[in-house]
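One-letter residues, chain by chain:
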Amino acid sequence: MIIYLNRLFFLDDPSSVQYIEGQDAKLTCEVSLTSPPVEWLKDGKAVKLDEHCEQSNEGTKHSLIIKNVKTDNSGEYYVKVGNFFRTIHLKIKDCFLEEPSSVECIEGQDAILTCEVSHTRFTVEWLKRGQCCKKTRRKCTKSNERTKHNLTIKNVKSDDSGEYCVKVGNCSRKIHLKIKGI
């Protein structure tokens, strides 16, 4: 009888999913029209629904949408219908393959800031004080080879020092540039 009820509520077994940091993740399951309400849990606790995490349904398909996912959103999620559960594994991959390193450069030389991202289709944006480096600093050039991206700042001066931000979608990392005098 329990197996019958279990199958009566869940029309399919939900799949494990994988997303990249910064994307919106969608966990889905399909339940019968006569099933009790669907609840979403993580680590044995109800998932808090707010502007970051919302629940939706269209007919028999139920979804949990987690916006702008971070690596700590990874884990086992449970879909609960009545007394029955299904597990969905959510894996979040970091969009940066490694943490970008700070850079030291001697005044008058060219500084190269580097990052490596996990996919070639990502658009990488370089910022300083919230402004796009290429638009506000005529001596900046961007380049990339597959997943490795560079920002070259030509003939650096002391006012080029400071914190830069490399941004990929909703993900960002900070890189500090220190300029040493001659």
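Our structure's up above, just so we're on the same page.
These lines cover the structure that appears in this document, whether it is placed above or below. (Residues numbered from 1 in each chain as written. Predicted model: local features only at pLDDT ≥ 70, side-chain atom pairs only at ≥ 80, totals over all residues. Heavy atoms only, no water.)

**What about the overall build of the protein?**
Step number 1: Along the backbone of the protein there are two helices and 16 strands.
Step number 2: Relative to the 2.2 N^0.38 estimate, which gives 16 Å for 182 residues, the radius of gyration of the protein is 23 Å and therefore markedly larger than a compact globule would have.
Step number 3: Over its C-alpha atoms, taken along the principal directions, the protein stretches across nearly 80 × 30 × 25 Å.
Step number 4: For the protein, the residues scored as buried account for 40% of the 182 residues in total.
Step number 5: For the protein, contacts bridging at least 24 residues in sequence account for 61% of all contacts bridging at least 6.
Step number 6: Counting every atom, the protein has about 10900 Å² of accessible surface; 48% of that belongs to carbon and sulfur.
Step number 7: Side chains of the protein give 30 positive and 25 negative charges; the mean places of these two sets differ by 5 Å. (Helix = DSSP H or I, 4+ residues; strand = E, 2+ residues; numbered from the N terminus. Rg over C-alpha atoms; globule rule 2.2 N^0.38 Å. Buried < 20%, exposed > 50% of the residue type's maximum accessible area, 1.4 Å probe, protein only. Contact = heavy atoms within 4.5 Å. Areas by Shrake-Rupley, 256 points an atom, 1.4 Å probe, with all protein chains shown as cover. Lys, Arg positive; Asp, Glu negative; His and termini not counted. Charge placed at Lys NZ, Arg CZ, Asp CG, Glu CD.)

**Re the packing of aromatic side chains**
Step number 1: Under the definition given, this model contains one aromatic pair.
Step number 2: Stacked on the ring of Phe-10, the Lys or Arg Arg-86 has its end atom at 4.6 Å from the ring centre. (Phe/Tyr/Trp six-rings, centres within 6.5 Å; stacked < 30°, edge-to-face > 60°. Lys NZ or Arg CZ within 6 Å of the ring centre and 35° of its normal.)

**Examining the sheet that holds strand β4 (residues 45–46)**
Step number 1: As summarised here, the arrangement of the five strands in space is β1-β8-β7-β3-β4, forming an open sheet in which the pairing is mixed. Edge strands, defined here as strands with exactly one partner in the open sheet, are β1 (17–20) and β4.
Step number 2: Across five bridges, the pairing between strand β3 (residues 38–42) and strand β7 (residues 75–81) is antiparallel. Its bridge partner being in β7, Val-38 is matched across the sheet by Val-81. (Pairing = 2+ DSSP bridges.)

**A few points about the pairing of β3**
Step number 1: Of all five residues in β3, four are buried; the element is thus mostly enclosed.
Step number 2: Two elements, β3 and β4, share two bridges in a ladder whose sense is antiparallel. Bridge pairing links Leu-41 to Ala-46 in β4.

**Digging into the sheet that holds strand β11 (residues 124–128)**
Step number 1: In space, the five strands of this open sheet follow the order β9-β16-β15-β11-β12, with mixed pairing throughout. Taken across any chain shown, the strands that pair with only one partner, and hence form the sheet edges, are β9 (103–106) and β12 (131–132).
Step number 2: Bridge count for strand β15 (residues 162–168) against strand β16 (residues 171–180) is seven bridges, and the pairing is antiparallel. Of the residues in β16, the one forming a bridge with Lys-167 is Ser-172.

**Observations concerning the side chain of His-62**
Step number 1: Tracing the sequence through the fold places His-62 in strand β6 (residues 61–66).
Step number 2: Its relative accessible area of 12% is what places His-62 among the buried residues.
Step number 3: Apart from the residues within four sequence positions on either side, His-62 is in contact with Leu-27, Thr-28, Cys-29, Val-31, Val-38, Trp-40, Ser-56 and Asn-57.

**Examining the environment of Val-79**
Step number 1: Inspection of the secondary structure assignment puts Val-79 in strand β7.
Step number 2: Along the primary structure Val-79 and Leu-64 are separated by 15 residues, whereas in three dimensions their C-alpha atoms are 9.5 Å apart.
Step number 3: Once you skip the residues sitting within four places of it in the chain, Val-79 turns out to touch Phe-10, Cys-29, Val-38, Glu-39, Trp-40, Phe-84, Phe-85, Arg-86 and Ile-88.

**What to know about the pairing of strand β10 (residues 111–116)**
Step number 1: Burial of β10 is one-sided: the residues Ala-111, Leu-113 and Cys-115 facing one way are buried, the residues Ile-112, Thr-114 and Glu-116 facing the other way are not.
Step number 2: The pairing of β10 with strand β14 (residues 148–153) spans six bridges and is classified as antiparallel. Paired with Cys-115 across the strands is His-149, a residue of β14.

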